[in-house]
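Structural description and commentary
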Amino acid sequence: MSDFIATFENGVVKIILEGKLDALAAPKLADHLKTLVGQGVSKVVFFAEKLTFISSAGLRVIVFAKQKMGADVSVFLIKPPQEVVDVVNMTGFEGFLQIQETFEA
Amino acid sequence: MDRIDIFPTREIGGFPVRAGTPLPFGASLVPGGVNFSIFSSAATSCDLVLFRKREREPFAILPFPEDFRIGDVFSMVVFGLEEEELEYGYRMDGPWDPEHGHRFDKGKILMDPYARAIGGRDVWGEDPDWSDPYPHRARIVPDDFDWQGDRPLRLPTEDLLVYEMHVRGFTRHESSGVKYPGTFAGMREKIPHLKELGVNCVELMPIHEYDEFENSRISEATGERLLNYWGYSNVGFFAPKAGLAASGRYSMQVDELKTLVRNLHQEGIEVILDVVFNHTAEGDHRGPYISYRGLDNKTYYMLTPDGWYYNFSGCGNTLNCNNPVVRGMILDCLRYWASEYHIDGFRFDLASILGRAQNGAPMAAPPLLESLAFDPILSRCKLIAEAWDAGGLYQVGSFPSWGRWAEWNGKYRDDMRDFLRGEAKAAGGAIQRIMGSPDLYAHKGQGTSSSVNFLTCHDGFCLMDLVSYNGKHNEANGENNNDGSNDNASWNCGWEGPSTDPWVNALRLRQIKNAWTLLMVSQGIPMVLMGDEMGNTQQGNNNCYCQDSPISWLDWTDLERNGEIHRFAKGSVAFRMAHPVLRNSGHFQHRDYVGSGIPDISWHGTKAWNASWSDTLTLAFMLCGKHAKGGSVQDDTLYCAINMHWEMHGFELPDPPPGTRWHVAINTAMGSGQDVWESGAEPPLGDAREILVADRSIMVLVAR
């Protein structure tokens with residue numbers, strides 16, 4: 001994965017994902033999210049239109065966002081490709097995030 | 001603070017490495033790298049072979065330096081690996097000396113016995129590359145699933161109601177309507193069906209990595225491709241079968257299975273795995289090198305004095321279960337499934353092999369079975385033995401148990417099938433089976449939950465076929481109908497196979513209701529077979545091991561076609577669950593020990609208090625509700641009249657407890673709506689002192 005682009009504003013973390021979110025890319029993203037723990041995050045939004053693949057390690061970053069970013073954090077996956085949706089559904093991670101076509105802050 | 005040993009000490013083949021730790025065996029993630037650890041008692045040297053996922057040629061071969069070996073274990077940490085994209089194997093050098101048990105071949109790449117995920121058969125039925133030098137590939141998985149507070153359910157054993165099922169067969173048929181047919185994810189979608197039926201435990205036929213292409217062939221009879229559908233042939237004991245996961249092609253079978261277990265637990269359903277530790281998929285001396293044969297043949301297999309494979313499994317080889325190293329592996333494996341997958345129990349295929357010594361002789365106190373019985377991590381797991389093997393050892397009632405092991409009660413199946421089809425000589429056995437087989441277990445101090453009661457299981461006829469066929473019809477298996485058991489104790493009700501005769505079909509329906517009722521009123525753990533709750537047929541095939549086809553797959557349109565069976569099955573399950581007096585853990589004492597005025601169980605016949613103990617087709621028994629669960633809970637008093645005769649009989653009723661009257665809970669002679677009644681809605685019987693029980697039918701009364 002090339003570098004992700006992340007912003008943080010008004011409690012909303014926005015991250016644009018590109019390419020593969022796998023074991024190579026996941027630790028860096030997780031490290032970034034860790035820096036925001038305790039900063040009042042309420043929503044983590046992954047823009048996934050250009051994501052091509054998500055691996056087990058990638059899904060674990062999403063679980064991390066849901067569980068460790070703070071109480072009642074909502075996690076969104078915006079416009080992921082069907083293959084990514086399938087992986088999320090097959091493995092039962094759909095309970096951790098909301099899959100949407102768009103995100104309105 | 002970081003550990004101070006997370007840096008490499010040298011390079012091998014361009015890779016930074018350091019000496020590893022022998023424990024745990026297998027491949028484990030450590031800071032910055034992977035710790036590889038592999039045992040061989042007789043190898044002279046060992047190479048670690050590393051592949052990028054699905055690539056035919058390795059990208060690295062790293063010989064273990066001699067100083068990376070402690071005892072008989074090679075271990076090494078390799079740094080900087082992309083673990084998600086990695087597949088690894090080993091090459092072992094050592095003697096080729098079959099007479100002394102050694103079959104080393106340095107040309108073979110060998111799978112890690114502790115591999116927790118295995119590639120190579122990622123998608124079920126997808127033709128593999130037969131020339132692949134390393135067909136079953138060890139992979140690395142993270143053990144960090146989020147269980148969300150889940151843990152094994154610990155249901156009391158005597159309260160279990162087991163549903164034996166095949167993950168693929170459950171939803172593979174297009175009628176299942178699930179999004180991911182034939183997979184763990186597909187099964188998850190059908191949990192509501194299990195919940196509606198009322199079972200609280202699923203026993204999954206093998207879900208460990210096996211090779212569906214083992215002995216694959218085209219059936220001469222049908223032209224269909226035959227596969228190893230059942231999976232009783234293990235490639236790897238620690239890995240879930242990728243081909244049973246919708247996400248197998250993404251190597252995410254571990255997450256998919258764990259999610260299934262978590263969801264089942266959320267619905268109050270335990271998960272028992274069918275484990276096959278009696279042999280491996282490597283077969284005999286003509287079989288392939290997958291792992292064990294090339295790593296340490298003499299340790300992993302039971303060998304004759306001149307080095308041939310013992311075959312107590314009927315599958316070519318026998319795992320050397322009571323070798324201390326193999327014993328350790330089995331223990332590690334079960335602990336792993338119990339702790340990492342939250343598995344609630346295990347059913348051991350051909351478990352009698354687990355009690356054989358290294359020379360094949362049965363042992364009185366096999367160390368493996370003792371270890372499992374007293375293991376601290378497995379202490380709440382259900383342990384269930386298929387208490388026989390293919391070498392002639394039959395141990396139902398005598399399996400070494402230390403009070404911990406239950407058994408598939410083959411005698412329950414045999415006696416009750418005979419009784420069901422109207423053989424009066426089976427009455428004596430039926431009485432014992434209904435009481436939880438005290439003749440087999442009481443003298444050993446084992447309770448009723450030692451007995452797993454079943455009329456049908458994956459092996460043999462399903463229930464619809466049990467009442468539709470006198471003989472097996474296994475032609476589709478391509479073995480000229482020579483495979484499968486000839487002893488089925490079945491009865492076709494007057495016509496072989498599907499019938500348009502309403503009389504025949506009505507009788508079959510009644511026999512199916514009788515079978516459900518007998519199971520539900522018997523003490524012990526009832527087990528039902530997937531599909532029996534909806535009259536599924538296997539077209540007379542009693543050995544579907546190779547049928548990855550509609551013969552095996554559950555046809556969900558049966559729910560509508562056989563709605564009456566489904567309604568009755570649900571009703572009879574609910575009846576059992578509503579009455580703790582049917583789920584005692586201790587055996588009956590045949591006396592009144594709570595002051596209720598009647599004994600815990602009393603046997604009757606067509607005359608009250610006057611039972612025949614043998615050569616009869618009319619049996620009745622009364623269970624005193626005040627004795628439920630040893631008198632610790634209060635239940636209604638129940639009376640059950642069983643008429644397996646082909647003529648109607650009157651049964652004189654014993655008096656119900658003072659202040660109560662008999663109500664009809666079950667009458668298998670009646671049609672839907674009047675055959676089984678919800679708790680509280682049972683119609684009263686009036687003042688009758690006698691009931692007429694129709695030919696081949698059962699009535700169950702409840703006093704209230």
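Structural data are supplied above this passage.
What counts and what doesn't
Residues numbered from 1 in each chain as written. Chains lettered and ligands numbered in written order. Predicted model: local features only at pLDDT ≥ 70, side-chain atom pairs only at ≥ 80, totals over all residues. Heavy atoms only, no water. Pairing = 2+ DSSP bridges. Helix = DSSP H or I, 4+ residues; strand = E, 2+ residues; numbered from the N terminus. Axes fitted to C-alpha atoms, helices over the stretch in contact; angles between N-to-C directions. Contact = heavy atoms within 4.5 Å. Buried area = accessible area lost by both parts, 1.4 Å probe. Salt bridge = Lys/Arg side-chain N within 4 Å of Asp/Glu carboxyl O. Polar contact = N/O pair within 3.5 Å; in protein donor to acceptor, adjacent residues only side chain to side chain. Nonpolar A, V, L, I, M, F, W, Y, C, P; charged D, E, K, R; others polar. Buried < 20%, exposed > 50% of the residue type's maximum accessible area, 1.4 Å probe, protein only. Arc of directions from axis to C-beta. Parallel < 35°, antiparallel > 145°, perpendicular 65-115°, else oblique. Phe/Tyr/Trp six-rings, centres within 6.5 Å; stacked < 30°, edge-to-face > 60°.

**Considerations on the sheet that holds strand S4 (residues 74-78) of chain A**
All names here are of chain A. Reading across the sheet, the 5 strands line up as S1-S2-S3-S4-S5 and stay open at both edges, with mixed pairing between neighbours. Two strands bound the open sheet, and with one partner strand each, they are strand S1 (5-9) and strand S5 (98-100). In this sheet, neighbouring strand axes are inclined to one another by 20° on average, regardless of whether the strands run parallel or antiparallel. Sheet topology places strand S3 (residues 43-54) next to S4; 5 bridges connect them, and they run parallel. When the sheet's bridge partners are listed, Phe47 is paired in S4 with Ile78. Packed on one face of the sheet, helix H2 (residues 56-68) meets strand S2 (12-21), S3 and S4 and runs near 175° to S3.

**Thoughts on the interface of chain A and chain B**
Of the residues lining the interface, 23 residues belong to chain A; the matching set on chain B comes to 20 residues. Both sides together, the interface formed by chain A and chain B hides about 1,700 Å², and carbon and sulfur atoms give 53% of it. It is A:Arg60, A:Met90 and A:Thr91 that lose the most area in chain A upon contact with chain B, and together they represent 38% of the buried surface on that side. Counting across the interface, chain A meets chain B through 3 salt bridges. A salt bridge links B:Asp255 to A:Arg60; the nearest nitrogen and oxygen atoms lie 2.9 Å apart. Where chain A packs against chain B, one counts 13 residue pairs in polar contact (both at pLDDT 80 or more). Secondary-structure elements contributing two or more residues to the side of chain A that touches chain B are S3, H2 and helix H3 (82-90) of chain A. Across the side of chain A that touches chain B, the residue classes tally to 11 nonpolar, 7 polar and 5 charged.

**Digging into the side chain of B:Ser75**
Locating B:Ser75 in the fold gives a position in strand S8 (residues 73-79). Those residues in contact with B:Ser75 that lie beyond four places of it in its chain are B:Ala19, B:Gly20, B:Thr21, B:Pro22, B:Phe36, B:Ser37, B:Phe64 and B:Phe68.

**Digging into helix H1 (residues 26-34) of chain A**
All names here are of chain A. Of all the positions in H1, only Ala26, Leu29, Ala30 and Leu33 are classed as buried. The arc that holds every buried residue of H1, seen down its axis, measures 100°, which confines them to one face. Each element contacted by the buried residues of H1 is listed here: S2, S3 and H2.

**Observations concerning the sheet that holds strand S30 (residues 662-667) of chain B**
Residues and elements named next belong to chain B. Read across the open sheet, the 5 strands follow the order S26-S27-S28-S32-S30; overall the sheet is antiparallel. For this open sheet the edge positions go to strand S26 (601-604) and S30, each flanked by a neighbour on one side alone. Shown here is a sheet whose adjacent strand axes are inclined to one another by a mean of 20°, direction ignored. For strand S27 (residues 618-623) and strand S28 (residues 637-643), the ladder comprises 6 bridges, and the chain directions are antiparallel. Bridge pairing in S28 links Ala620 to Ala641. Sitting on the sheet, helix H12 (residues 502-520) is in contact with S28, S30 and strand S32 (697-703), with an inclination near 45° to S32.

**A closer look at the packing of H1(A) against H2(A)**
Residue and element names in this part refer to chain A. Their axes nearest at 9 Å, the elements H1 and H2 cross at an angle of 10°. It follows from the interaxial angle that H1 and H2 lie roughly parallel. Contacts from Ala26, Leu29, Ala30, Leu33 and Lys34 of H1 reach H2 at Ala57, Gly58, Val61, Phe64 and Ala65. In the contact of H1 with H2, the residues fall into 8 nonpolar, 1 polar and 1 charged.

**Some points on the packing of aromatic side chains**
Residues and elements named next belong to chain B. In the structure shown here, the tally under the stated rule is 38 aromatic pairs over all chains. Each ring, one from Trp130 and one from Phe213, has its centre 5.7 Å from the other, and the planes form 90°; the classification is edge-to-face. Note that Trp130 is positioned in the loop between strand S12 (117-119) and strand S13 (137-139) and Phe213 in the loop between strand S16 (208-210) and strand S17 (217-218), a separation of 83 residues in sequence. Take Phe213: its relative accessible area is 5%, and that puts it in the buried class.

Purely spatial values, then, with no claim about function.
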